[in-house]
Amino acid sequence: MYTVCVIREFRARHHLSGGDWGGENRPHAHAYRLEVRVSGPELDAHGFLVDVTVVEAALDDLLRRYEGALLNELPEFGGRNPTMERLARAVCRRVAACLPGGPGWRVRARVWESDRAWAEHALGGAGSDG
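Reading guide: rules and limits
- Residues numbered from 1 in each chain as written.
- Predicted model: local features only at pLDDT ≥ 70, side-chain atom pairs only at ≥ 80, totals over all residues.
- Heavy atoms only, no water.
- Helix = DSSP H or I, 4+ residues; strand = E, 2+ residues; numbered from the N terminus.
- Expected span 1.5 Å × (residues − 1).
- Buried < 20%, exposed > 50% of the residue type's maximum accessible area, 1.4 Å probe, protein only.
- Arc of directions from axis to C-beta.
- Contact = heavy atoms within 4.5 Å.
- Axes fitted to C-alpha atoms, helices over the stretch in contact; angles between N-to-C directions.
- Parallel < 35°, antiparallel > 145°, perpendicular 65-115°, else oblique.
- Left-handed = near helix turned anticlockwise from the far one by under 90°.
- Nonpolar A, V, L, I, M, F, W, Y, C, P; charged D, E, K, R; others polar.

K.L.:
What is the right way to look at helix α1 (residues 52-66) in this model?
P.N.:
Each α-helix winds once per 3.6 residues, and so residues spaced three or four apart point in a common direction. Helix length check: α1 (15 residues) gives 21 Å between terminal C-alpha atoms against 21 Å at 1.5 Å per residue, within 8%. Within α1, the full set of buried residues consists of V55, A58, L59, L62, L63 and Y66. Projection of α1 onto a plane perpendicular to its axis shows the buried side chains occupying an angular sector of 140°, all on one side. On its buried face, α1 is in contact with β1 (2-14), β2 (28-40) and α2 (84-98). Count one or two residues on from α1 and you reach G68, which has phi positive near 75°.

See below:
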């Protein structure tokens with residue numbers, strides 16, 4: 001199995017509702033780190049699993065959307081809390097939609113909300129929702 005990973009960082013704001021999470025209930029910022037990994041069993045004729053520039057372009061598009069934004073206002077969260085789990089899902093789905101796909105590919109997006117906490121979502125392959 002081969003894996004290619006692209007990493008980006010951005011700052012965005014959010015707030016949580018529906019519970020008592022102290023400061024998390026008020027708009028605040030996080031310095032997020034995104035790791036998108038594409039895995040698959042085979043390389044193409046040129047020795048690549050995936051064209052890394054395609055993954056980079058997809059992440060660059062996402063960062064233009066997310067940088068400095070109040071995530072709660074974005075339609076991909078549908079009025080629900082923009083938790084790091086939901087952000088990982090949104091990133092994974094958007095990047096996967098930009099890829100040509102390959103046999104047995106799996107796309108994973110890991111979102112770090114701090115240097116101690118992350119969430120991941122995966123599409124493709126066995127045991128995922130895609």
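Moving on, there is more to tell.
K.L.:
Before we go on, may I ask you to explain the packing of α1 against α2 in this structure?
P.N.:
The relative placement of two packed helices comes down to the angle between their axes together with the axis-to-axis distance. As a packed pair, α1 and α2 sit with axes 9 Å apart at the nearest point and diverge in direction by 135°. Judged on the interaxial angle alone, α2 and α1 are oblique. Considering only the axes of α1 and α2, their crossing is right-handed. In this structure, α1 contributes V54, A58, L59, L62, R65 and Y66 to the contact, and α2 contributes L87, A90, V91, R94, V95 and C98. When the residues that make up the contact of α1 with α2 are grouped by side-chain class, the tally is 10 nonpolar, no polar and 2 charged.

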